[in-house]
Amino acid sequence: MTQREFMLDLPLSPVPKHEVLDTGAAVLRGHAAMQATDMLAGIKQIARLSPFRRMTTAGGGMMSVAMTCCGAAGWCSDARGHRYETHDPMTGQSWPALPTAWRAWATDAARLAGYDGFAPDTCLINGYRPGARMGLHQDDDERTDAPVVSVSFGLPAMFQWGGLQRTDPVRRIPLLHGDVVVWGGLSRLVFHGIAALRAGQHPVTGPCRYNLTFRRVW
Ligand SMILES: O=C(O)CCC(=O)C(=O)O
Ligand SMILES: [Fe+2]
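Remember, it's a predicted structure, so these values are computed and weren't measured experimentally.

## Notes on the site of ligand 1
Okay, step 1: Taken together, Leu124, Asn126, Met134, Asp139, Ser150, Ser152, Phe159, His192, Ile194, Asn211 and Thr213 make up the full set of residues adjacent to ligand 1.
Okay, step 2: Mapped by element, the contributors of at least two residues to the shell around ligand 1 are β6 (122-128), β8 (148-154), β12 (192-194) and β13 (209-215).
Okay, step 3: Here the residues of the shell around ligand 1 are counted per class, giving 4 nonpolar, 6 polar and 1 charged.

Below, the structure is given as structure tokens:
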């Protein structure tokens, strides 16, 4: 049962409510709410091995979002550009392992959104503080024949969902604690971003928002 169903005293539904964003893209409202305790504890453990850090971009700026990763590859950005690395450049070590239970959960979430057989090999973890944002971008550094499964915890965020061209109109979709977005197929390269996080206090994460994106890199 999701937190929302619990609070509203709704019957247990075997399939979460889909909100179709576009062909190939859906929001599964509250679908990760029951994973929050486990995933947030996992993030803490991962961050002990590979700490959150703010990366620089090729343009020389510093990203406002802090990131870490787990799995076979981690997303890295520096003055040379962005790419996946098998080792964390901050520690010289392999990235922390992708927890087996997370992988199974992400496979199942993808299946619910219509993608069978999703086998993620990485999870990018974003930490947002008030004011942090992510500009419109495409996720195109990894395999694009597999979907992205994105999980939100903590403070609400405004997800910006555009089109295949940077200049396409952008819709604003609020993402709350436990919400999941899956995009693949014809939507895999849609431009998306996160508007500047509004200050607040969340009962579980305090002044923060965490986002996990499961992807297939290799
Ligand atoms: O924080 C989010 O919800 C989206 C993050 C994102 O687009 C990314 O990490 O590529
Ligand atoms: Fe993205």
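Read on for the rest.
## Overview of the UniProt feature "binding site: Fe cation" (unreviewed entry) in the chain
Okay, step 1: Under the UniProt annotation, "binding site: Fe cation" (unreviewed entry) lies at His137, Asp139 and His192. A maximum C-alpha distance of 8.6 Å places the annotated residues, which cover 56 residues in sequence, within one compact spot.
Okay, step 2: Position of His137 relative to the elements: it lies in strand β7 (residues 134-137).
Okay, step 3: By C-beta crowding, His137 is classed as exposed, having 12 other C-beta atoms within 10 Å.
Okay, step 4: In this view, His137 contacts Phe191 and Gly193; residues no more than four positions away in its chain are not counted.
Okay, step 5: Tracing the backbone shows His192 in strand β12.
Okay, step 6: For His192, the contacting residues outside a window of four places in its chain are Leu136, Phe159, Gln160, Trp161 and Gly162.

Definitions and limits used
Residues numbered from 1 in each chain as written. Chains lettered and ligands numbered in written order. Predicted model: local features only at pLDDT ≥ 70, side-chain atom pairs only at ≥ 80, totals over all residues. Near = placed C-beta within 6 Å. Helix = DSSP H or I, 4+ residues; strand = E, 2+ residues; numbered from the N terminus. Nonpolar A, V, L, I, M, F, W, Y, C, P; charged D, E, K, R; others polar. UniProt positions renumbered as here; feature names shortened; annotations may be inferred. Buried ≥ 20, exposed ≤ 12 C-beta atoms within 10 Å, placed from the backbone. Contact = placed C-beta atoms within 7 Å.

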